[in-house]
Amino acid sequence: VTRGRILVVEDDVALAALVTEELEVAGYEVQRATTGSEGLGEVALHPFDLVLLDLNLPDGDGLEVAERLRDDGVAVLMMTARGDVESRVAGFDAGATDYVPKPFDVRELLARVHARMRERVGGEVLERGDVAYEVETRTVRAAGGSITLPPREAELLQLLMAHPGRVFSRADIEHRLHQGELPASNTIQVHVSQLRRRLAEIGVRTLVRTVRGRGYTVP
Amino acid sequence: MSRTPPRRGSFNLRTRLSWLALATLLATVAGLVVATDTAFAAFQRRELAGVAEREVERVATMVRSGTPGDRFVQDEATRLQFVSANGEVVLPNTGAAALPGVDAPTVHRTPLPDLEGTWMVAQRPWRTPSGLTAGTIRLAVPMEAALATRTALRRLLILTGLAALAAGFAISYVTLRRALGPLQGLARQARDVDPADPRLVEYGGPADEVGVLADGLARALDGIRAHRDAERERLADVAHELAAPLTVVTHHLRRLDAELASDASDRNRERLRAALAAGDELLVSSQDLLTVLRGDLDERLEWHVVDLADVAAQVVSAYPGVHLNVQEGEATAILDPVRTRQIVRNLVRNAVRAAGRPDGVRVEVASEPDGRRVRVVVADDGPGLTPEEREAMFGRYVTGGGSTGLGLAVVQRLVAAQGGRVDATSEPGEGARFVVSFASAQTAWADDGADDPGDGIDADHADGSGSARTG
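Report follows, based on the coordinates. (Residues numbered from 1 in each chain as written. Chains lettered and ligands numbered in written order. Predicted model: local features only at pLDDT ≥ 70, side-chain atom pairs only at ≥ 80, totals over all residues. Heavy atoms only, no water.)

### Details of the overall build of chain A
Then, in step 1: Tallying secondary structure elements over chain A gives eight helices and 13 strands in all.
Then, in step 2: Looking at the 219 residues of chain A, the share that counts as buried comes to 56%.
Then, in step 3: Within chain A, counting contacts between residues at least 6 apart in sequence, those at least 24 apart form 58% of the total.
Then, in step 4: For chain A, the accessible area works out to roughly 8900 Å², and carbon and sulfur atoms hold 46% of it. (Helix = DSSP H or I, 4+ residues; strand = E, 2+ residues; numbered from the N terminus. Buried < 20%, exposed > 50% of the residue type's maximum accessible area, 1.4 Å probe, protein only. Contact = heavy atoms within 4.5 Å. Areas by Shrake-Rupley, 256 points an atom, 1.4 Å probe, with all protein chains shown as cover.)

As structure tokens, then:
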């Protein structure tokens with residue numbers, strides 16, 4: 001049983017080999033592609049949980065590939081030169097897609113992949129302190145009992161618990177959870193407040209925190 | 001290349017040009033006054049001489065034609081003398097009396113009136129009706145009135161000249177001021193141009209020579225900026241090209257190090273570790289270089305709850321021997337973990353270099369007693385801050401103080417981008433002490449019933465203004 005399927009689209013063969021090796025050691029099943037079109041072809045043939053995408057590809061702009069993958073609902077983690085995303089793509093929703101700036105430390109890349117996979121793959125239990133969240137059943141267990149969350153709040157909690165300590169702005173969350181459709185401006189706020197109320201019922205009061213001027217986090 | 005800056009308070013262009021204008025005006029006015037006065041005087045003499053000549057001619061004709069009893073001249077002011085051949089004044093005539101119709105006139109021994117000086121004199125031979133030449137007729141027209149007119153004119157000329165001078169000076173001063181004012185503004189702008197971002201503030205003056213100069217300057221700066229940006233971009237590409245294979249090299253070395261644990265000889269392991277350390281160092285430098293080269297772009301920061309003690313421990317683990325002291329109390333802040341690690345790592349690396357050995361470096365993590373700020377202190381017992389380090393920390397731009405300058409410039413930028421503060425102190429012989437501080441996570445929580453972070457739509461962009469600066 002693998003921890004998930006990952007496609008690595010990278011034209012630098014040595015770098016691709018290295019990343020593949022590390023991901024395989026970490027327990028993932030990995031496919032490789034060296035061009036954008038090859039990558040899109042692979043995605044059309046096989047399901048992947050995550051695509052690691054280099055933005056500088058020999059057959060054109062990696063961003064187009066990223067956008068097509070995102071439209072297909074495939075999670076993308078971009079690998080790119082520092083500052084490239086901002087400089088090259090004014091209109092690109094960087095919030096919807098994480099990126100790892102090159103040069104990266106492989107350990108850092110792995111940490112990103114793990115967090116991203118926790119967010120995507122079910123059948124897992126996310127834990128923080130004495131709170132455990134079972135992804136498949138949308139159940140939160142704590143000292144004060146357990147509770148099953150409705151889908152939207154469950155997605156929100158899964159996102160926050162998959163990236164402990166990371167602060168997500170409302171825009172980030174909207175991009176991730178609503179992929180494309182535009183929710184009302186206060187939707188996220190409403191979800192957070194409902195999620196907090198439900199968690200409080202089982203005695204969990206400081207799991208989801210608001211960071212002034214930044215967003216929400218599970219510290 | 002060193003230049004002597006212009007002395008302040010010395011003659012400036014405006015004053016010099018005003019003086020020049022004043023001198024020109026003065027010369028012109030003086031010339032005009034003198035020329036007008038001279039011409040007028042000549043004109044007056046010519047006129048008066050004409051009058052005198054005509055009068056004396058008329059008198060001579062009257063005498064010759066013998067019309068006794070007639071008045072010779074009507075004007076009381078005109079003087080008339082009949083001087084005999086032997087020089088005696090026969091009739092000092094005031095013009096009112098008639099000449100007696102005699103051939104041998106009576107001699108009146110009255111003194112000669114002074115006909116020089118302020119009189120215009122003309123003379124004719126004195127011929128009697130019988131054709132004898134009895135002497136000379138002299139006629140004098142007074143010049144007082146003419147001289148008074150001339151004096152009045154001269155005074156008027158001088159007064160008008162002075163007024164023109166004052167007006168001319170004022171006009172030239174104001175004109176020059178208006179013309180050169182924009183030049184001064186332009187000079188100020190040029191002096192204040194930020195070498196890190198060479199551009200002119202909009203020039204609002206007229207499209208005159210100064211406007212053309214401003215335009216030329218702005219174009220030159222635009223060119224410089226474009227050229228520099230292109231160079232930076234090229235350099236960033238090169239740094240990036242170098243970093244990619246370096247990632248592979250260091251990674252394989254690290255794996256090799258892990259896998260050869262027991263098989264390799266101590267010497268080989270040492271070699272491997274040295275190669276790995278060098279590779280890591282190169283990677284770090286390339287990251288710093290990319291941060292500085294592409295740092296002008298609004299880099300996306302990823303906010304996390306970051307424990308400074310963890311960051312310091314991670315960094316210090318790569319520099320065995322460095323002392324780490326974590327004080328009681330939580331030292332967390334909302335920061336970008338990768339950039340924060342880069343900050344602390346650069347400070348520690350810099351301190352180890354300055355001290356010459358790791359155990360001369362002390363890293364301390366603490367939070368303020370009221371818990372509102374958290375800080376990392378990196379101190380070394382080296383020779384203290386160098387001018388390059390100072391420039392990198394507090395200068396407006398990197399002047400190229402080598403890798404040290406680069407590392408500290410990165411610290412300065414990344415701290416500022418995350419809304420923090422960095423201070424450096426140095427006592428001679430006591431080493432240097434860098435203090436990086438941020439608003440603590442405690443000040444960022446907004447849990448008291450608030451579900452709205454107030455992050456707006458741009459909250460995911462790093463504007464560095466999110467966390468409050470205190471002190």
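From this point, the narrative continues.
### What to know about the overall build of chain B
Then, in step 1: Across its full length, chain B holds nine helices and 11 strands.
Then, in step 2: Of the roughly 25800 Å² that chain B leaves accessible, carbon and sulfur atoms contribute 57%.

### Details of helix α1 (residues 13-65) of chain B
Then, in step 1: Over its 53 residues, α1 of chain B runs 77 Å from end to end, which matches the ideal 78 Å to within 8%, given 1.5 Å per residue.
Then, in step 2: Taken from the residues just after α1 of chain B, Gly66 of chain B is the one with a positive phi, measuring 65°. (Expected span 1.5 Å × (residues − 1).)

### Some details on the sheet that holds strand β11 (residues 145-148) of chain A
Residue and element names in this part refer to chain A.
Then, in step 1: In spatial order, the strands read β8-β9-β10-β11; together these four strands make up an open sheet with antiparallel pairing. Both outer strands of the open sheet, β8 (125-128) and β11, are each paired with one neighbouring strand and no more. In this sheet, neighbouring strand axes are inclined to one another by 15° on average, regardless of whether the strands run parallel or antiparallel.
Then, in step 2: Relative to strand β9 (residues 131-134), β8 is paired through four bridges, and the arrangement is antiparallel. (Pairing = 2+ DSSP bridges. Axes fitted to C-alpha atoms, helices over the stretch in contact; angles between N-to-C directions.)

### Comments concerning unusual backbone geometry
Then, in step 1: With a phi close to 55°, Arg138 of chain A is a non-glycine residue in the positive phi region.
Then, in step 2: For Arg138 of chain A, the position within the fold is in the loop between β9 and β10 (139-142).

### Notes on the sheet that holds strand β11 (residues 431-439) of chain B
All names here are of chain B.
Then, in step 1: Spatially, β6-β8-β9-β11-β10 is the arrangement adopted by the five strands of the open sheet, whose pairing is mixed. Bordering the open sheet on either side are β6 (323-326) and β10 (421-427), each of which pairs with just one other strand. Across the sheet, the mean angle from the axis of one strand to that of its neighbour is 15°, orientation sign disregarded.
Then, in step 2: Here strand β8 (residues 361-367) runs beside strand β9 (residues 373-380); their pairing, made up of seven bridges, is antiparallel. For Ala366, the partnering residue across the bridge sits in β9 and is Arg375.
Then, in step 3: Docked against the sheet, helix α5 (residues 308-317) engages β6, β8 and β9, running at close to 165° with respect to β8.
Then, in step 4: Where helix α6 (residues 337-355) meets the sheet, its contacts fall on β8, β9 and β11, and the angle it forms with β9 comes to roughly 20°.

### Notes on the nonpolar core
Grouped burial of nonpolar side chains is what soluble globular proteins tend to show.
Then, in step 1: One finds Val348 and Val363 of chain B to be the most contacted residues of the largest nonpolar core, which totals 39 residues.
Then, in step 2: Looking at this core, the elements with two or more residues in it are α5, β7 (332-335), α6, β8, β9, α8 (402-417), β10 and β11 of chain B.
Then, in step 3: By residue number, the principal contributor to this core is α6 of chain B, which donates seven residues.
Then, in step 4: Not counting the four nearest positions on each side in its chain, Val348 of chain B is found in contact with Val315, Tyr319, Val322, Val363 and Val378 of chain B.
Then, in step 5: If you look at the next biggest cluster of nonpolar residues, it comprises 27 residues, including Leu156, Leu160, Leu207 and Val208 of chain A. (Core = buried A, V, L, I, M, F, W, Y, C linked by side-chain atoms within 4.5 Å.)

### A look at helix α1 (residues 13-25) of chain A
Residues and elements named next belong to chain A.
Then, in step 1: In a regular helix each residue adds 1.5 Å, so 13 residues correspond to 18 Å; α1 covers 18 Å between its end C-alpha atoms and thus fits that length.
Then, in step 2: Within α1, the full set of buried residues consists of Leu15, Ala16, Leu18, Val19, Thr20, Glu22 and Leu23.
Then, in step 3: One or two steps after α1, the chain reaches Gly27, where phi turns positive at roughly 105°.

### Observations regarding the pairing of strand β2 (residues 29-33) of chain A
Residues and elements named next belong to chain A.
Then, in step 1: Relative to β2, strand β1 (residues 5-9) runs parallel, the two sharing five bridges. Residue pairing for β2: Leu7 is matched across the bridge by Gln31.
Then, in step 2: For the segment spanning β1, α1 and β2, crossover handedness is right-handed. (Right-handed = clockwise from strand over helix to strand, strands pointing away.)

### Brief notes about the packing of α1 of chain A against helix α3 (residues 209-259) of chain B
Then, in step 1: Where α1 of chain A contacts α3 of chain B, the axes come no closer than 9 Å and their chain directions differ by 40°. For the element pair α1 of chain A / α3 of chain B, the angle class is oblique. Note on packing geometry: the crossing formed by α1 of chain A with α3 of chain B is left-handed. Residues Ala14, Leu15, Leu18, Glu21, Glu22 and Val25 of chain A of α1 of chain A lie in contact with α3 of chain B, whose contacting residues are Ala244, Thr247, Val248, His251, His252 and Arg255 of chain B.
Then, in step 2: Of the residues belonging to the contact of α1 of chain A with α3 of chain B, the class tally is six nonpolar, three polar and three charged. (Parallel < 35°, antiparallel > 145°, perpendicular 65-115°, else oblique. Left-handed = near helix turned anticlockwise from the far one by under 90°. Nonpolar A, V, L, I, M, F, W, Y, C, P; charged D, E, K, R; others polar.)

### Regarding a nonpolar patch on the surface
Then, in step 1: The grouping of Leu13, Leu17 and Leu20 of chain B at the surface amounts to a nonpolar patch, some 250 Å² of accessible area in total.
Then, in step 2: Here Leu17 of chain B shows up in helix α1. (Patch = residues over 30% accessible without salt bridge, like charges linked within 9 Å, V, L, I, M, F, W, Y side chains within 5 Å. Salt bridge = Lys/Arg side-chain N within 4 Å of Asp/Glu carboxyl O.)

### Side note on the pattern of salt bridges
Residue and element names in this part refer to chain B.
Then, in step 1: Going through the model one piece at a time under the given rule, you end up with 29 salt bridges over all chains.
Then, in step 2: The residue Arg349 makes a salt bridge to Glu281 at a minimum N-O spacing of 3.1 Å. Of this pair, Arg349 sits in helix α6 while Glu281 is found in helix α4 (residues 266-294), placing the two residues 68 residues apart along the sequence.
Then, in step 3: Its relative accessible area of 7% is what places Arg349 among the buried residues.
Then, in step 4: Salt-bridge contacts for Asp288 lead to Arg345; the nearest nitrogen and oxygen are separated by 3.4 Å. With Asp288 in helix α4 and Arg345 in helix α6, the pair connects residues that are 57 residues apart, well separated along the chain.
Then, in step 5: Among the charged side chains, a salt-bridge network with shared partners connects Glu281, Asp288, Arg345, Arg349 and Arg353.

### Let's talk about the environment of Val74 of chain A
All names here are of chain A.
Then, in step 1: On the secondary structure map, Val74 appears in the loop between α3 (62-71) and β6 (76-81).
Then, in step 2: With a relative accessible area of 12%, Val74 lands in the buried category.
Then, in step 3: Taking the C-alpha atoms as reference points, Val74 and Phe48, separated by 26 residues in sequence, lie 7.3 Å from one another.

### Things to note about the environment of Phe82 of chain B
All names here are of chain B.
Then, in step 1: Note that Phe82 resides in strand β1 (residues 79-84).
Then, in step 2: Given a relative accessible area of 0%, Phe82 falls into the buried group.
Then, in step 3: Along the chain, Phe82 and Ala134 lie 52 residues apart, while their C-alpha atoms are 8.8 Å from each other.

### Things to note about the packing of helix α2 (residues 36-45) of chain A against α3 of chain A
All names here are of chain A.
Then, in step 1: Two numbers describe how α2 lies on α3: the axes approach to 10 Å, and their chain directions differ by 10°. When the axes of α2 and α3 are compared, the pair comes out roughly parallel. Contacts between α2 and α3 involve Gly36, Leu40 and Val43 on the former and, on the latter, Val65, Arg68 and Leu69.

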